Amino acid sequence: MVDASPEKRSGCSLLNVVFGRSTFWLRRSTSTGSIPTQNSSSNNSVKTPSTPNSQRRRGSSDEAAFLDSCNNGSEGHPRPISRPSPKTHGMCPQSQIHPGNRVPGGPAANMLPNQGHVNQGRRVPREAIGISGELESMIADHQKSRGSSGLVRASSSNVMLFGNLGNLRQPGTSNASPNDNMFNCLPRPTAREEASVPAGRPLPAKTSSKAPPSSLCRALSTRMDPETLKILGNEDYKNGRFAEALALYDAAISIDPDKASYRSNKSAALTALGRLLEAIIECREAIRIEPHYHRAHNRAATLYLRLGEAEKAMYHYKHAGPEADPEVIAKARVVQTHLNKCTEAQKLRDWNNLIKESGRAISAGADSAPQIFALQAEAFLKLNRHQEADEVLINGPNFEVDACTKFLGPIGSSHLLMIRAQVDMAAGRFDDALEAAQRAVRLDSNNKEANMVMMSARAVATARSRGNELFKASRFMEACSAYAGGLEHDAYNSVLLCNRAACWSKLGQLEKAIEDCTAALNVRPSYSKARLRRADCHAKLGNWEASIRDYEVLNRETPDDEEVSRVLSEARSQLNRQRGDAD
C-alpha cells in the first residue's frame with residue numbers, strides 16, 4: 001500500500017497553493033517531528049536513513065534544498081517515512097482531504113481516522129500536522145475566507161500571509177487587523193534603550209491612524225536593511241509620525257549600531273517627542289562615531305542651548321561647519337550673559353534679581369533648562385512666594401530623575417531634587433517632599449543642605465499627621481501644639497498654619513485664627529481653604545466687609561460653588577442690615 005503515501009504526489013505544497021492544487025506534500029525529514037505513514041495491514045514501519053539534505057538545518061537560505069525536495073517528490077517511489085504510533089489507522093484517499101473541510105455530524109463524526117487537531121481545534125490531515133502543513137492550512141483558509149492569495153515574503157524560506165504573522169505579537173489584541181502597525185515585526189530595542197520607557201506601557205500614541213501596509217511589505221522584503229529602515233523613518237518624520245520614526249531608527253541602530261546618521265536621526269525624533277535629555281545622548285554617540293559629522297554637531301548645539309548649556313552650545317556650533325545655524329550662536333551668547341548674572345545674584349542672595357535674570361535666560365532660548373528653572377524656584381522660596389515657586393516647576397521641564405542624573409551628574413541632579421522637595425513641602429505635598437529629599441541625599445550624601453531639607457520634611461510630615469489625629473479626637477489644644485512643632489522647622493508652611501487656625505477657631509480664639517490664615521495666604525494666595533476659614537472667622541466677629549472681600553474672591557475662583565454664593569449673599573445682607581441700624 002505504498003501508493004497511499006502522500007509523498008508520491010508530485011509538487012510542493014506552497015507551489016500547489018499558488019497554482020490552485022489542493023493536495024499535500026510532506027517534506028522529508030529525519031527530525032523527531034516526522035509524520036507517520038503507516039501500512040493499513042501492518043504496524044511495521046521503515047525509517048528513512050539520514051541523507052545530507054535531511055540533516056541540513058533549516059536556515060534563512062534553504063531554497064535550494066526546498067526545490068530539490070519538490071523535485072524528488074515527483075520521482076519514482078520514495079521510501080515511506082513513519083514514526084511509531086500508539087494506534088494504527090487506515091489511510092483515507094488523499095484526494096478526499098482538503099484544508100478546512102468539515103464533515104457533517106458531531107465532533108466525533110467529523111474526525112477522520114488520519115486527521116489531527118492543530119490551531120485551536122481545526123482538523124487537518126495527520127500528514128499535514130507540522131510547520132509546513134499548518135502553514136498550508138492557514139493559506140487555504142485565508143484564500144477561502146477572503147478570496148485573496150497575496151503573500152508577503154518574510155524570509156528566504158518562509159511565506160506568511162499578510163495579517164497572519166505567526167507568533168509575532170500584535171498590539172492590544174490577539175486578533176489583530178491585517179493593517180496593524182508594522183513595528184511589531186521589527187527588532188526590539190536594547191535594554192538600555194528600553195530603560196527610558198516604563199515596563200508594561202506602550203509607545204506614545206501615533207499621530208496617524210495606521211501605518212500603510214506598503215511600509216510593512218517593504219520593510220520585510222528588504223530583509224530589514226538598515227538604510228531602507230532609515231528612509232522609511234525619514235518619511236514618517238516628515239509626516240509628523242515621530243513615534244513611528246523613532247521605532248524605525250531604533251531598528252536600524254539595532255542592525256548597524258555604528259552608523260552616525262541613524263543616531264542623529266533618532267535624536268531628531270526624540271527632540272520632536274520632547275525627550276531632550278535622551279536626544280542629546282544620541283547626538284553625543286553620533287559625534288563619537290563620526291567626530292566631524294556637521295549635522296550632529298549643529299543638532300547638539302541647538303539641544304545644549306535649550307538645556308541651558310551655552311558654552312557647550314557654542315563649542316558644537318564651531319564644529320558644525322556649513323550646517324551651523326547663525327541664530328544658535330547668537331542666542332547662546334545671550335543666554336550665557338544672563339547665566340553669569342544669575343550666578344552673581346545667587347552669591348549676593350539678591351533673589352529678586354535672580355528671578356529676573358533667570359527669566360531672561362529662559363526667554364532667550366534656554367526654555368528646557370531644568371537647572372535654570374530650579375534657580376528661579378529657589379529664589380521664590382527664599383522670598384516666601386511659595387505659590388509662584390510651585391508654578392515655576394509646574395511650567396518647567398519634567399524630566400525623569402535618571403535622565404537628569406545622566407545629563408547633569410549626581411550632584412546636579414541632587415540639587416534639583418532638593419529644590420523640588422522644598423517646593424513640595426511648601427505646597428503641602430509632604431510625602432512627595434520626603435521622597436525627593438531622601439533621593440537627593442542618596443545621590444549626594446555630602447550635601448549638607450539636602451540633609452537638612454530631608455530632616456525638615458520628615459519633621460513637618462510627622463507634625464501634620466500627629467496634629468490631624470489630635471484634631472479628630474477633639475483635643476484641639478494638643479493639636480495646636482503639634483502643628484506649632486512642625487512650624488519650628490518650616491515657619492511659613494501654609495498647611496500647618498491653616499490647620500492651626502482651625503484649632504484656634506474651635507477654641508474660640510478667632511483673632512489668632514485670622515492671623516494664621518493671613519500668614520498662609522501671604523505665601524499661597526490661591527489657598528482657598530485658608531481664605532474660606534478666614535472669611536468664616538470674620539463673619540463670626542461681625543467683620544462683614546472683610547468677610548465679603550474673601551467670599552468674593554472665592555466666588556470668582558469657584559463660580560459654581562453654591563455654598564460660597566449662599567454665604568456671600570448672607571454676608572451682604574448682614575452688612576446692609578448693619579448699615580441700616582447705624583443710620
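The rules behind these values
Residues numbered from 1 in each chain as written. Predicted model: local features only at pLDDT ≥ 70, side-chain atom pairs only at ≥ 80, totals over all residues. Heavy atoms only, no water. Helix = DSSP H or I, 4+ residues; strand = E, 2+ residues; numbered from the N terminus. Buried < 20%, exposed > 50% of the residue type's maximum accessible area, 1.4 Å probe, protein only. Contact = heavy atoms within 4.5 Å. Areas by Shrake-Rupley, 256 points an atom, 1.4 Å probe, with all protein chains shown as cover. Phe/Tyr/Trp six-rings, centres within 6.5 Å; stacked < 30°, edge-to-face > 60°. Core = buried A, V, L, I, M, F, W, Y, C linked by side-chain atoms within 4.5 Å. pLDDT = per-residue confidence, 0-100. Axes fitted to C-alpha atoms, helices over the stretch in contact; angles between N-to-C directions. Parallel < 35°, antiparallel > 145°, perpendicular 65-115°, else oblique. Left-handed = near helix turned anticlockwise from the far one by under 90°. Nonpolar A, V, L, I, M, F, W, Y, C, P; charged D, E, K, R; others polar. Salt bridge = Lys/Arg side-chain N within 4 Å of Asp/Glu carboxyl O. Expected span 1.5 Å × (residues − 1). Arc of directions from axis to C-beta. Disulfide = S-S within 2.5 Å.

1. Thoughts on the overall build of the protein
Part 1: A tally of regular secondary structure across the protein gives 26 helices and four strands.
Part 2: Counting only residues that meet the buried cut, the protein has 44% of its 583 residues in that class.
Part 3: In the protein, once contacts between residues fewer than 6 apart in sequence are set aside, the share between residues at least 24 apart is 56%.
Part 4: Of the roughly 30,900 Å² that the protein leaves accessible, carbon and sulfur atoms contribute 50%.

2. Notes on the packing of aromatic side chains
Part 1: Across all of its chains, the model carries three aromatic pairs by this definition.
Part 2: For the pair Tyr237 and Phe242, a centre-to-centre distance of 5.3 Å together with 65° between the ring planes defines the contact as edge-to-face.
Part 3: On the numbers, 5.2 Å between centres and 65° between planes, the contact of Phe471 with Phe476 is edge-to-face.
Part 4: Phe476 sits in the buried class, given a relative accessible area of 18%.

3. Overview of unusual backbone geometry
Of all residues except glycine, most have a negative phi; of all peptide bonds, most are trans.
Part 1: If you check the backbone angles, Asn384 has positive phi at about 60° while not being a glycine.
Part 2: Unusually for a residue other than glycine, Ser474 sits at a positive phi of about 65°.
Part 3: Tracing the chain through its elements places Ser474 in the loop between helix 20 (448-472) and helix 21 (476-487).

4. Let's talk about the nonpolar core
Note on soluble globular proteins: their nonpolar side chains tend to be buried together.
Part 1: By size, the foremost hydrophobic cluster in this structure holds 97 residues, and its most contacted members are Leu277, Ile280, Leu307, Val335, Ile372, Val423 and Tyr527.
Part 2: Counting residues per element, this core draws most heavily on helix 18 (residues 401-426), at 11 residues.
Part 3: When neighbours within four sequence positions are excluded, Ile372 is seen to be in contact with Gly308, Leu339, Ser358, Ala361, Ile362 and Ala366.

5. Considerations on the side chain of Ser456
Part 1: With respect to the helices, strands and loops of the structure, Ser456 is situated in helix 20.
Part 2: With residues up to four places along the chain from it excluded, the contact list for Ser456 reads Met425 and His489.

6. Quick look at the confidence of the model for the protein
Part 1: Across the protein, the average pLDDT comes to 74, with 61% of residues at or above 70.
Part 2: The least confident element of the protein is helix 3 (residues 63-73), whose mean pLDDT is 40; the most confident is helix 10 (residues 260-272), at 96.
Part 3: Below pLDDT 50 for its whole length, residues 1-122 participates in 169 contacts with residues either more than four positions away or in separate chains.
Part 4: Here residues 124-132 is a poorly scored stretch, pLDDT under 50, and it has 27 contacts once near neighbours within four places are set aside; other chains count.

7. Concerning the packing of helix 12 (residues 294-306) against helix 14 (residues 326-348)
For any two helices packed against each other, the geometry is given by the interaxial angle and the distance between the axes.
Part 1: Contact pair helix 12 / helix 14: the axes reach a minimum separation of 10 Å and the direction vectors enclose 30°. Relative to helix 14, the element helix 12 lies roughly parallel. Crossing hand, helix 12 versus helix 14: left-handed. Across the interface between the two elements, Ala301, Thr302 and Leu305 from helix 12 touch Val328, Lys331, Ala332 and Val335 from helix 14.
Part 2: Within the contact of helix 12 with helix 14, the residues separate by chemical class into five nonpolar, one polar and one charged.

8. Re the environment of Ile280
Part 1: Relative to the assigned elements, Ile280 resides in helix 11 (residues 276-289).
Part 2: Taking relative accessible area as the criterion, Ile280 reaches 0% and is therefore assigned buried.
Part 3: With 22 residues separating them along the chain, Ile280 and Thr302 place their C-alpha atoms 9.6 Å apart.
Part 4: Beyond its immediate stretch of four places on either side in the chain, Ile280 contacts Ala300, Leu303, Tyr304, Leu307 and Phe407.

9. Looking at the pattern of salt bridges
Part 1: Throughout the structure, instances matching the rule amount to 25 salt bridges.
Part 2: The residue Glu285 makes a salt bridge to Arg288 at a minimum N-O spacing of 2.5 Å. With a gap of three residues between them, Glu285 and Arg288 both fall in helix 11, about one helical turn apart.
Part 3: Take Glu285: its relative accessible area is 21%, and that puts it in the partly exposed class.
Part 4: Linking Glu552 and Arg572 is a salt bridge whose minimum nitrogen-to-oxygen distance equals 3.1 Å. Of this pair, Glu552 sits in helix 25 (residues 544-557) while Arg572 sits in helix 26 (residues 562-582), and the two are 20 residues apart along the sequence.

10. Re helix 14
Part 1: A rise of 1.5 Å per residue sets the reference length of helix 14, with its 23 residues, at 33 Å; its end C-alpha atoms lie 34 Å apart and thus fit the reference within 8%.
Part 2: In this structure, the buried residues of helix 14 make contact with helix 12, helix 13 (310-318), helix 15 (351-364) and helix 16 (370-382).
Part 3: Phi turns positive, to about 60°, at Arg349, one or two residues after helix 14.

11. Section: the packing of helix 15 against helix 16
Part 1: As a packed pair, helix 15 and helix 16 sit with axes 9 Å apart at the nearest point and diverge in direction by 155°. Considering their axes alone, helix 15 and helix 16 lie roughly antiparallel with respect to each other. The hand of the helix 15/helix 16 crossing is left-handed. Together, Trp351, Leu354, Ile355, Ser358, Gly359, Ala361 and Ile362 of helix 15 and Ile372, Phe373, Leu375, Gln376, Ala379, Phe380 and Lys382 of helix 16 make up the contact between the two elements.
Part 2: In terms of residue class, the contact of helix 15 with helix 16 is built from 10 nonpolar, three polar and one charged.

12. Some words on helix 17 (residues 386-395)
Part 1: Every buried residue of helix 17 is accounted for by His386, Ala389, Asp390, Val392 and Leu393. All buried residues of helix 17 fall inside an arc of 155° around its axis, so they share one side. Turned more than 90 degrees from where helix 17 packs its buried face, Ile394 and Asn395 sit exposed.
Part 2: On its buried side, helix 17 packs onto helix 16, helix 18 and helix 23 (510-523).

13. Things to note about the state of the cysteines
Part 1: Summed over all chains, the structure comprises zero disulfides.
Part 2: The closest cysteine sulfur to the non-disulfide-bonded Cys480 is located on Cys503, 5.3 Å from its own sulfur.
Part 3: Cys480 sits in the buried class, given a relative accessible area of 5%.

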